[in-house]
Amino acid sequence: GAGVSQSPRYKVAKRGQDVALRCDPISGHVSLFWYQQALGQGPEFLTYFQNEAQLDKSGLPSDRFFAERPEGSVSTLKIQRTQQEDSAVYLCASSSRGGADTDTQYFGPGTRLTVL
Amino acid sequence: AQTVTQSQPEMSVQEAETVTLSCTYDTSENNYYLFWYKQPPSRQMILVIRQEAYKQQNATENRFSVNFQKAAKSFSLKISDSQLGDTAMYFCAFMKHVRAGNMLTFGGGTRLMVKP
């Protein structure tokens, strides 16, 4: 089946603009994660959903970051009043429970956000 | 909190030879997973191999194998018969084994270049 998809692949925003990043997980995956990857570094956890419930948002760097997954499938990460330090690649991952690959996270291609 | 350390920022290997990438981690957990992910320039994070901490046998996937030393908290990746397509960033990652909210903690990555 199809893997995790993300859109847009690239986003350029002027400082102060709001942006919305979309993630389509693998069909049937109940768990969905967002990560932020700064240039040359490993990804860092932002937030986690189990179905539509946001169970952990401890990694969100400020209250300008907001994520939702209203129907337990597609998720949107919204960043309000973008700042230059928000420039990064935003990765989405999903995982299932049960089976040989339980809890293994499969990643999308990421959205590269550049804030000017 | 867990930490993951990859002490080799860059490595190179000749095509068809063998290379080993190092990873150490720090945790007080007894039950967890360890992963190696590959990230080529296209940015897609691809799962290479997975190891459950309770399993003593080292995981293997074709040309990829790990040396898991639980007491030493070491998890190295061996790539045999290196191919040009193995050129990428490699990330070691740790995941607690819990009911929910099991996010990945990544190391800083090792850039591997396979030379013809």
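Criteria and cut-off values
- Residues numbered from 1 in each chain as written.
- Chains lettered and ligands numbered in written order.
- Predicted model: local features only at pLDDT ≥ 70, side-chain atom pairs only at ≥ 80, totals over all residues.
- Heavy atoms only, no water.
- Contact = heavy atoms within 4.5 Å.
- Buried area = accessible area lost by both parts, 1.4 Å probe.
- Salt bridge = Lys/Arg side-chain N within 4 Å of Asp/Glu carboxyl O.
- Polar contact = N/O pair within 3.5 Å; in protein donor to acceptor, adjacent residues only side chain to side chain.
- Helix = DSSP H or I, 4+ residues; strand = E, 2+ residues; numbered from the N terminus.
- Nonpolar A, V, L, I, M, F, W, Y, C, P; charged D, E, K, R; others polar.
- Disulfide = S-S within 2.5 Å.
- Buried < 20%, exposed > 50% of the residue type's maximum accessible area, 1.4 Å probe, protein only.
- Phe/Tyr/Trp six-rings, centres within 6.5 Å; stacked < 30°, edge-to-face > 60°.
- Core = buried A, V, L, I, M, F, W, Y, C linked by side-chain atoms within 4.5 Å.

Section: the interface of chain B and chain A
Thought 1: Taken together, the contacts link 23 residues of chain B with 30 residues of chain A.
Thought 2: Taken over both partners, the interface formed by chain B and chain A buries close to 1900 Å², and the fraction arising from carbon and sulfur atoms is 48%.
Thought 3: The interface formed by chain B and chain A contains zero salt bridges.
Thought 4: Across the chain B-chain A interface, the total number found is eight residue pairs in polar contact (both at pLDDT 80 or more).
Thought 5: Those elements that provide at least two residues to the side of chain B that touches chain A are β5 (32-39), β6 (46-52), β10 (88-96) and β11 (104-106) of chain B.
Thought 6: Looking at the side of chain B that touches chain A, the element that brings in the most residues is β5 of chain B, giving four residues.
Thought 7: When its residues are assigned to classes, the side of chain B that touches chain A shows twelve nonpolar, eight polar and three charged.

As for the state of the cysteines
Thought 1: Applying the stated criterion across every chain yields a total of two disulfides over all chains.
Thought 2: Covalent S-S linkage joins cysteine 23 of chain A and cysteine 92 of chain A, the inter-sulfur distance amounting to 1.9 Å. Taking the sign of the S-S torsion, -65 degrees for the link of cysteine 23 of chain A and cysteine 92 of chain A, the bridge is left-handed. Pair noted here: cysteine 23 of chain A is in strand β3 (residues 19-24) and cysteine 92 of chain A is in strand β9 (residues 88-95), with a separation of 69 residues, a long-range link. We note that cysteine 23 of chain A, like cysteine 92 of chain A, is buried.
Thought 3: Two residues share a disulfide in this structure: cysteine 23 of chain B and cysteine 92 of chain B, whose sulfurs sit 2.0 Å from each other.

Details of the packing of aromatic side chains
Thought 1: For the structure on display, the rule yields 17 aromatic pairs over all chains.
Thought 2: A ring pair is formed by phenylalanine 107 of chain A and tyrosine 37 of chain B, whose centres lie 5.3 Å apart and whose planes are at 85 degrees; its orientation type is edge-to-face. Note that phenylalanine 107 of chain A is positioned in strand β10 (residues 106-107) and tyrosine 37 of chain B in strand β5, a pairing that runs across two chains.

Considerations on the nonpolar core
Thought 1: In terms of nonpolar packing, the biggest core is built from 25 residues, with Tyr25, Trp36, Phe75, Leu77 and Tyr90 of chain B touching the most fellow members.
Thought 2: Counting residues per element, the ones that place at least two in this core are β3 (19-21), β5, β6, β8 (64-69), β9 (74-79), β10 and β12 (110-115) of chain B.
Thought 3: For this core, the element with the highest residue contribution is β10 of chain B, accounting for four residues.
Thought 4: Not counting residues up to four positions away in its chain, the partners in contact with tyrosine 90 of chain B are Gln6, Leu21, Trp36, Tyr37, Lys38, Val48, Phe64, Leu77, Ile79, Gly109, Thr110 and Leu112 of chain B.
Thought 5: Among the nonpolar cores identified, the runner-up in size contains 19 residues, and Ala13, Leu21, Cys23 and Leu46 of chain A belong to it.

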